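So the chains spell out like this:
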Amino acid sequence: MPLLRIRTEIEDRPGRLASLTAALAQRGANILGLSVQLDADGVVDEFIVDVPRGGPDARALAEALGAAGGTRTAVLPARPHELVDEPTRALALAARLRAEPHAVPEILGELLRADEARWDAPGDEDPDRRDLLVPVRGRSVRLRRAGLPFTATEAARADALVRAALPAAPRPSASRRIALRDGTQVVVRPVEPRDGDAVRALHERCSLDSRRMRYFSPKPYPPRRSFEAASSIRMKPPVRRLRP
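Residues numbered from 1 in each chain as written. Predicted model: local features only at pLDDT ≥ 70, side-chain atom pairs only at ≥ 80, totals over all residues. Heavy atoms only, no water.

**Remarks on the overall build of the protein chain**
Here is the rule we go by: Per the convention used, a helix needs a DSSP run of H or I reaching at least four residues, while a strand needs a run of E reaching at least two, with both numbered from the N terminus. Whether two residues are in contact is decided by their heavy atoms: any pair within 4.5 Å suffices. Note that accessible areas follow from Shrake-Rupley with a 1.4 Å probe, and for residues the cover is restricted to the protein chains shown.
For the protein chain, the count of helices and strands is 8 helices and 9 strands. Pairs at least 24 apart in sequence give 60% of the contacts found in the protein chain among residues at least 6 apart. For the protein chain, the exposed area adds up to about 16,300 Å²; of that, 55% sits on carbon and sulfur atoms.

This is the structure in C-alpha cells:
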C-alpha cells in the first residue's frame, strides 16, 4: 500500500483531532504515525498513512480533511523508513553529529527531511520561500523543503540537536594587555590559585602604609583561601537546586 505524509492546520479546540482521524478512517486511510506540532499560526497535525490501492488520492484526502476543519493541507508521498520512532531517530542523529561535526547541514536536513540543506551565504534571502535558518556557532544552516513549511516545533528540534551534540563555542579570553601612563605594558587577567605565592611576595615588599591604604589595616597579604574562592567562583558553573 502507498504511504502518504499529510500535514494540516487546525484550530486548537477539543475534538478537532478526532474529526480529522475520523475523516481519514472513512476514506480507508490507516494512520501509522501521528505528531502534533506548534506553529505561529496555530496547531499543525501530521499523519503518516497508508491507503489501499485504488483508494482515495492525495486530492481526495485533502478535501476530506478540509471538510473536517483542516486548512493548508499538504499531502506528499512518504517512504517506509520515515516510520521510525522520532525520538530514536533524533538520538541517532545526535550521536552522528558528535562524530561528524562537519556534516551539520546534511544531518539537519535529514532531521527535518529537507529537500536542500547548506551553509547560509549572503544573497540567499528569497521572499518567496519559507526557509528555516538554524544557528550553528556563529553561522547558520539554511534548510528548504517544498510543500511542507517548517513549523516552530521543527525549528526547536533542530536548535536542540545542535546544542546537544556540538560543543559550545569557546569563550573569549578574559586576559587583556593595557598600557600604563608611563608606557609600561601589563597583562590583566583573572586571579588563579597558582598566583598566590607571587601576590604574597608582592605584598611583603610593600610598606605598612601601602598595605593600610589597600586594606585599611596592616595585614601583610591576602589569605590563600581568597585565591581559591575567586577561582572556584569563576570556573564552576552555577548549580540549580529544585525544591520538592
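**Comments concerning the sheet that holds strand S1 (residues 3-10)**
Within a sheet, neighbouring strands are paired by backbone hydrogen bonds and run either parallel or antiparallel to one another. The cut-off we apply is this: Note: two strands are recorded as paired if DSSP finds a minimum of 2 bridges between them. Lines fitted to C-alpha atoms define the axes here, with helix axes fitted over just the stretch in contact, and angles between the N-to-C directions of these axes take values from 0 to 180 degrees.
Strand order in the open sheet made by the 4 strands is S2-S3-S1-S4, with antiparallel pairing throughout. Because the sheet does not close on itself, it has two edges, and the strands there are strand S2 (30-39) and strand S4 (71-77). Adjacent strand axes in the sheet meet at a mean angle of 15 degrees, parallel and antiparallel pairs treated alike. By the bridge criterion, 8 bridges tie S1 to strand S3 (residues 42-50) in an arrangement that is antiparallel.

**Observations regarding the nonpolar core**
Note that soluble globular proteins tend to have their nonpolar side chains buried in a common cluster. As a reminder, the rule being used: Definition of nonpolar core: a set of buried residues of the types Ala, Val, Leu, Ile, Met, Phe, Trp, Tyr and Cys, connected through side-chain atoms within 4.5 Å. The cut-offs for exposure are 20% and 50% of the maximum accessible area for each residue type, with area from a 1.4 Å probe on protein chains only; residues under the lower value are buried, those over the upper are exposed, and the others partly exposed.
Grouped together as the largest cluster of nonpolar side chains are 21 residues, with contacts concentrated most on Leu108, Val134, Val136 and Leu143. Secondary-structure elements contributing two or more residues to this core are helix H3 (86-99), helix H4 (104-111), strand S6 (132-136), strand S7 (139-144) and helix H5 (152-165). In this view, Leu143 contacts Leu108, Gly109, Leu112, Ala114, Glu116, Ala117, Asp131, Leu132, Val134 and Phe150; residues no more than four positions away in its chain are not counted.

**So, the sheet that holds S6**
If you walk across this open sheet you meet the 3 strands as S5-S7-S6, and the pairing is antiparallel. Both outer strands of the open sheet, strand S5 (116-119) and S6, are each paired with one neighbouring strand and no more. The sheet shows a mean angle of 20 degrees between the axes of neighbouring strands, taken without regard to direction.

**Observations regarding the side chain of Glu46**
The condition is simple: Each polar contact in these results corresponds to two N or O atoms within 3.5 Å; when the atoms are within protein, one needs to be able to donate a hydrogen and the other to accept it, and residues that are neighboring in sequence are counted only if both atoms are side-chain atoms.
Within the element layout of this structure, Glu46 appears in strand S3. Within the local environment of Glu46, its side chain forms a polar contact with the side chain of Arg7, the two groups lying 2.2 Å apart. Contacts of Glu46, omitting those with residues within four sequence positions, involve Arg5, Ile6, Arg7, Gly33, Leu34, Ser35 and Gln37.

**Describing the pattern of salt bridges**
As a reminder, the rule being used: Within this document, salt bridges are pairs made up of a side-chain nitrogen of Lys or Arg and a carboxyl oxygen of Asp or Glu, the two lying within 4 Å of each other.
Overall, the coordinates contain 19 salt bridges when judged by the stated rule. Of the charged contacts in the structure, one is a salt bridge between Arg5 and Glu46, with a shortest N-O distance of 2.4 Å. Highlighted residues: Arg5 in strand S1 and Glu46 in strand S3, separated in sequence by 41 residues. Given the relative accessible area of 6%, Arg5 is considered buried. For Glu46, a relative accessible area of 8% translates into the label buried. For Glu100, the salt bridge identified is with Arg96, shortest N-O distance 3.9 Å. Taking the relative accessible area as the measure of exposure, Arg96 reaches 22% and is therefore partly exposed. A network of salt bridges, in which partner residues are shared, links Glu116, Arg118, Asp120, Asp131, Arg142 and Arg144.

**Considering a nonpolar patch on the surface**
Heads up, the rule is: Patch membership requires over 30% relative accessible area and the absence of a salt bridge. Like charges are linked within 9 Å, and nonpolar side chains (Val, Leu, Ile, Met, Phe, Trp, Tyr) within 5 Å.
On the surface, a cluster of nonpolar side chains totalling about 240 Å² of accessible area is made up of Ile31, Leu34 and Val36. When you line up the elements, Val36 lands in strand S2.

**Quick word on the confidence of the model for the protein chain**
The line we're drawing: pLDDT measures how confident the predictor is about each residue, on a scale from 0 to 100.
Per-chain confidence: the protein chain averages 81 in pLDDT, with 81% of residues scoring 70 or above. Looking across the protein chain, the model is least confident in helix H8 (residues 224-235), with a mean pLDDT of 55, and most confident in H4, with 94. Contacts of residues 233-244 to residues separated by more than four positions or lying in other chains number 3 contacts, the stretch itself having pLDDT below 50.

**Observations concerning unusual backbone geometry**
The residue Arg72 is not glycine, and still its phi comes out positive at about 50 degrees. Among the secondary structure elements, Arg72 is positioned in strand S4. The phi torsion at Arg137 lies on the positive side, around 50 degrees, for a residue other than glycine. Tracing the sequence through the fold places Arg137 in the loop between S6 and S7.

**Remarks on H3**
Note on helix geometry: an α-helix contains 3.6 residues per turn, so any two residues three or four positions apart are oriented the same way. So the rule is basically this: Helix span, as expected, comes to 1.5 Å for every residue beyond the first.
The end-to-end C-alpha separation of H3 is 20 Å, in line with the 20 Å expected for 14 residues at 1.5 Å each. In this fold, the buried residues of H3 make contact with H4 and H5.

**Observations concerning the packing of H3 against H5**
Axis angle and axis distance: for two packed helices, these are the angle between their axes and the distance between the axes, and together they describe the pair. Basically, it comes down to this: Each angle gets one of four labels, with under 35 degrees taken as roughly parallel, over 145 as roughly antiparallel, 65 to 115 as roughly perpendicular, and the rest as oblique. Should the near helix be turned counterclockwise from the far one by less than a right angle, the crossing is left-handed, whereas a clockwise turn marks it as right-handed. Ten residue types, Ala, Val, Leu, Ile, Met, Phe, Trp, Tyr, Cys and Pro, are classed as nonpolar, four, Asp, Glu, Lys and Arg, as charged, and the remainder, Gly among them, as polar.
Close contact between H3 and H5 brings their axes to 9 Å; oriented N to C, the two are set at 45 degrees. By the criterion of interaxial angle, the relationship of H3 to H5 is oblique. The crossing of H3 and H5 is right-handed. Taken together, the residues of H5 that come into contact with H3 (itself represented by Ala90, Leu93, Ala94, Leu97 and Arg98) are Leu161, Val162, Ala164 and Ala165. Here the residues of the contact of H3 with H5 sort into 8 nonpolar, no polar and 1 charged.

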